[in-house]
Structure formats: structure tokens, C-alpha cells
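What the coordinates show
What follows is each chain in one-letter form.
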Amino acid sequence: MNKKSVLLGLAAVTLLTACSNGQDSKTEATNHGKEVTASVTEDIHGDIFLYDSMIDKESNSIISPYGIRDAFHPIVKYAENESKTELNHILEVSDSVTSKYDEYNENAVFDGTNGLMIVNKAYAGKETGAEEIEQINYKNFEETFNKILSEASGRDLKITVPENVEYSSGVLANAIYFSNAWNYEKRTISWDGKDVQAFGGTELPIEQVKEANNHIDVLRIPYNVENGNDYSLYIICDNSDSDTDSVDAFMADTTEDELHDLLDFSEYKRLYGYDSLDFIVPDFSVENDPNLIEKLRDIGISSVFSKNTKDFSTIGNLRIDAVYQLSTFSANENGSGVDVSEKEILEDTTEKEEGTKYVRADSPFVFILKDDTTNDIIYMGRIADPSL
């Protein structure tokens, strides 16, 4: 089997935030996980809110809750009045967590190939008088930030500034790049008359799946990380026995605390009634529109962007003109190239083996990349059509 690589690139507002969800009556808990350190965002709730507000339900979509908050944390300590209220209560970024973001960003481990890289920049024009913010000539902003991204990641990560955009005050830009790998069998499957590239198999132990309810499965696929924190990809999908698409309704009804519990496998043992796990997840790639300002306005962040704001007058004539996010995530297995037979297609037609839990991400599903050491969510996304 070849390595499966998952590559993650993000430029602009991006944030990692903690999340998980509760055990079903069929689960048994025991404390066999390693000690988990305090989360950067342990007192911050809002991942579900950002998911519900910013994920496009009509197409493949991705956001980074951590990155969004991380982008704003350098300026929140200077904010007053409505801008401070918006950042505190909508994004839940406060003065008390700014040092935690700085520490997390500095301690992120990236060796040039694998790991987590975070670049977070707040820029201000010289005419603003905001000397506490890094000064920049906005004519060179795109080139300057993209050079930092490419040098830090070793890849051609970049943002593109829309034509005819003029800056006169402040710009927030954040980049998160994640790269790691695991080994799973590559499969070509037949689904709805289409050949779909996928990965999976029976190598994951049964301890890596939960049933959120009778319709929803939660699959955890850990990465093998040699240095730094531990990361996992979580797949929230319909139960293989379900004949309805229930993921969207489940996410709409799930609270922040329930999501937090669901993604917490540290004290989780296994599903009762099963001895093994058989899973298939289609390859998928997602990227977003890098300009976040309109989506942020839609969720109520407006005073920060107002041309008439005086909310940053403690450091100068500052307002935020733009927030950029370049976010890409790829989950594709190079694998062994083994074709899955008709007996192994996503729409299982064969009799299932007793004691085996089957997980099939063959309808719209949610994916989450999480730092399991801190319980911070790096990315949340939704795949609208797994066959594409």
C-alpha cells in the first residue's frame, strides 16, 4: 500500500477550535488516552455557528474556525465599542486568549514536508498611524504575503487580490498549511454508474468509530505524527444501513458541547456488538473563495469594516479593509490501485459479515481536521457529492 497524503493550505482568516460529541448507549468508556493539554479555545464556543453560517450546502465547502479567529486576535486588544462587542460575542475572540494564539502558532511543528504551519499577519498603512501593527505598502501586499507563504510551506500557496481593490487602512491575512500521510488501500469503486477513487479497508480498529445515533456514524482516521501534536481526520456520515441523507439535519440539531463530546475519543473504548471495522471514504479535494469579508459581514461583523469607525482610535485611524483566506484540503490515497469488485461497491449488495461495522461515506458528509492534543478544530467542511 502507498501513502495517503492529506494536504491542507489556507491563507487568511483561519482558526482552530475545540469540538467533540456524546456517547451513544451502545458505547463503553474507559480512560486509556494520553493526557490532553488545555485547548487554545477552551472557553470559546462557536464552531457549529460558523459551520452553519458559512458552509455552502450546495457544493463542496470548507472553513477554518481557528483561522478566522486567529486572523482577528492581533487587533482585538485595540478594539473598543461595537467592534470589540462583535469580536467578543460573534467570533468570541477576546483579550484573554490572544497570548494563547501566539503561543499555539509559534509552537506549531512543520518540518518543511509534514506537520502544521501557521502564518498570521495584520498589516496597516503608514497613513493610519497604527505603529503597533506591521506597516506595509499595499501595492506590495499580495507579493509580500505570498512570498512568506511559499517560503514557509515550500509550496506555491498564494492569495489573489481582486482587481481594482484599493486599501487605505488595514488588512488581515492568515495562512494554515497542514500536510501528513497515512497508509490505506487505494480503491476504485462503482457508484451510481461512476468510477470513484476511494481509500479504506479493515486496518482501523473498531475503537475508531462511534454511532452518534441510529442514522449517523463518526469515523476517526488518525495520522501518524512523529513530532508535535497528534491530528485526526473525522468523517461524519450516514449509517450504511440508512436510506436517508441525515447529516445536514444532524449538524443543524447538534450543539457545540455535543460536537465536542462526539469528537473526543480520549476516554472512548468501542461500539458494543462489533469486533471489526470496514470503511470506505471517497477521495476529495476542497478549496474556498479566499475573500472572507462578505461572509463575515453576513454573520454580523460590520463595525470593524466601517469606513467611519473610531473603534481603533487608541492606536490610530485604523479599520479593516479586507480579510483573506486561501483554504484547500485534499484527501486522496495513492494506494495500491486495487479495483474494488462489484461485491465491494459503496452500495453494498452482499450480505454483511456479522460483527463487522461498515462505514460508507457515499452520501453528503462532513469532514473535520482536529488537533487531538489540544482538541482544536483546524478545518470543518462538507462534501456535497462524494462521487465527484
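The preceding data block contains the structure.
Residues numbered from 1 in each chain as written. Predicted model: local features only at pLDDT ≥ 70, side-chain atom pairs only at ≥ 80, totals over all residues. Heavy atoms only, no water.

1. A word on the packing of aromatic side chains
One pass over the full model with this rule turns up 16 aromatic pairs. For the ring pair F110 and Y177, a centre distance of 5.6 Å and an interplane angle of 90° mean the geometry is edge-to-face. You can see F110 sitting in the loop between α4 (98–107) and β6 (115–124) and its partner Y177 sitting in strand β8 (residues 170–183), a full 67 residues away along the chain. Ring centres of F284 and F367 lie 4.9 Å apart, and the angle between their planes is 45°; this geometry places the pair in the tilted category. Of this pair, F284 sits in strand β16 (residues 284–287) while F367 sits in strand β20 (residues 365–371), and the two are 83 residues apart along the sequence. Through successive ring pairs, a cluster of aromatic residues spans Y123, F141, F145 and Y324. Looking at K210, its charged tip hangs above the ring of F265, at a distance of 4.6 Å from the centre. (Phe/Tyr/Trp six-rings, centres within 6.5 Å; stacked < 30°, edge-to-face > 60°. Helix = DSSP H or I, 4+ residues; strand = E, 2+ residues; numbered from the N terminus. Lys NZ or Arg CZ within 6 Å of the ring centre and 35° of its normal.)

2. Considering the pattern of salt bridges
Counted according to the given criterion, the structure contains 12 salt bridges. For R360, the salt bridge is made with D278, and the minimal N-O distance between the two is 3.1 Å. Residue R360 is found in strand β19 (residues 356–360), and its partner D278 is found in strand β15 (residues 276–282); the two are separated by 82 residues along the sequence. For D278, a relative accessible area of 13% gives the class buried. Connected through salt bridges with shared partners, the residues E211, D217 and K357 form a single ionic network. (Salt bridge = Lys/Arg side-chain N within 4 Å of Asp/Glu carboxyl O. Buried < 20%, exposed > 50% of the residue type's maximum accessible area, 1.4 Å probe, protein only.)

3. Notes on unusual backbone geometry
Its identity is not glycine, yet N81 carries a phi of approximately 55°, on the positive side. When you line up the elements, N81 lands in helix α3 (residues 81–89). With phi around 70°, N375 is a residue other than glycine that occupies positive phi space. Looking at where N375 falls in the secondary structure, it is placed in the loop between β20 and β21 (376–383).

4. A short note on the packing of helix α2 (residues 65–76) against α4
Relative orientation of the contacting elements α2 and α4 amounts to 120°, with a least axis distance of 9 Å. In terms of orientation, α2 and α4 fall into the oblique class. The chirality of how α2 crosses α4 is left-handed. On α4, the residues touching Y66, R69, D70, H73 and V76 of α2 are T98, Y101, D102, Y104 and N105. Its residues assigned to classes, the contact of α2 with α4 shows 4 nonpolar, 3 polar and 3 charged. (Axes fitted to C-alpha atoms, helices over the stretch in contact; angles between N-to-C directions. Parallel < 35°, antiparallel > 145°, perpendicular 65-115°, else oblique. Left-handed = near helix turned anticlockwise from the far one by under 90°. Contact = heavy atoms within 4.5 Å. Nonpolar A, V, L, I, M, F, W, Y, C, P; charged D, E, K, R; others polar.)

5. Some points on the environment of T374
Mapped onto the secondary structure, T374 falls in the loop between β20 and β21. Reaching out from T374, the side chain makes a polar contact with the side chain of D376 at a distance of 2.8 Å. (Polar contact = N/O pair within 3.5 Å; in protein donor to acceptor, adjacent residues only side chain to side chain.)

6. Observations regarding the environment of T254
Within the secondary structure, T254 is located in the loop between α6 (247–253) and α7 (256–262). Considering only alpha carbons, one finds T254 and I48, 206 residues apart in sequence, at a separation of 7.8 Å.

7. Remarks on the pairing of strand β12 (residues 216–222)
Most of β12 is tucked away, with 6 of its 7 residues classed as buried. The pairing of strand β11 (residues 209–211) with β12 spans 3 bridges and is antiparallel. Residue pairing across strands places K210 opposite V218, the latter belonging to β12. The antiparallel hairpin formed by β11 and β12 contains 4 residues in its connecting segment. The sheet contact formed by β12 and strand β13 (residues 231–238) spans 7 bridges and is antiparallel. Bridge pairing links P222 to S232 in β13. (Pairing = 2+ DSSP bridges.)

8. Examining the pairing of β13
With 8 of 8 residues buried, β13 is to be regarded as a mostly interior element. Sheet topology note: the β13/β20 ladder contains 6 bridges and is antiparallel. Each bridged residue has a counterpart across the sheet, and for I236 the counterpart in β20 is V366.

All quantities given are derived from atomic positions and should not be read as evidence of function.
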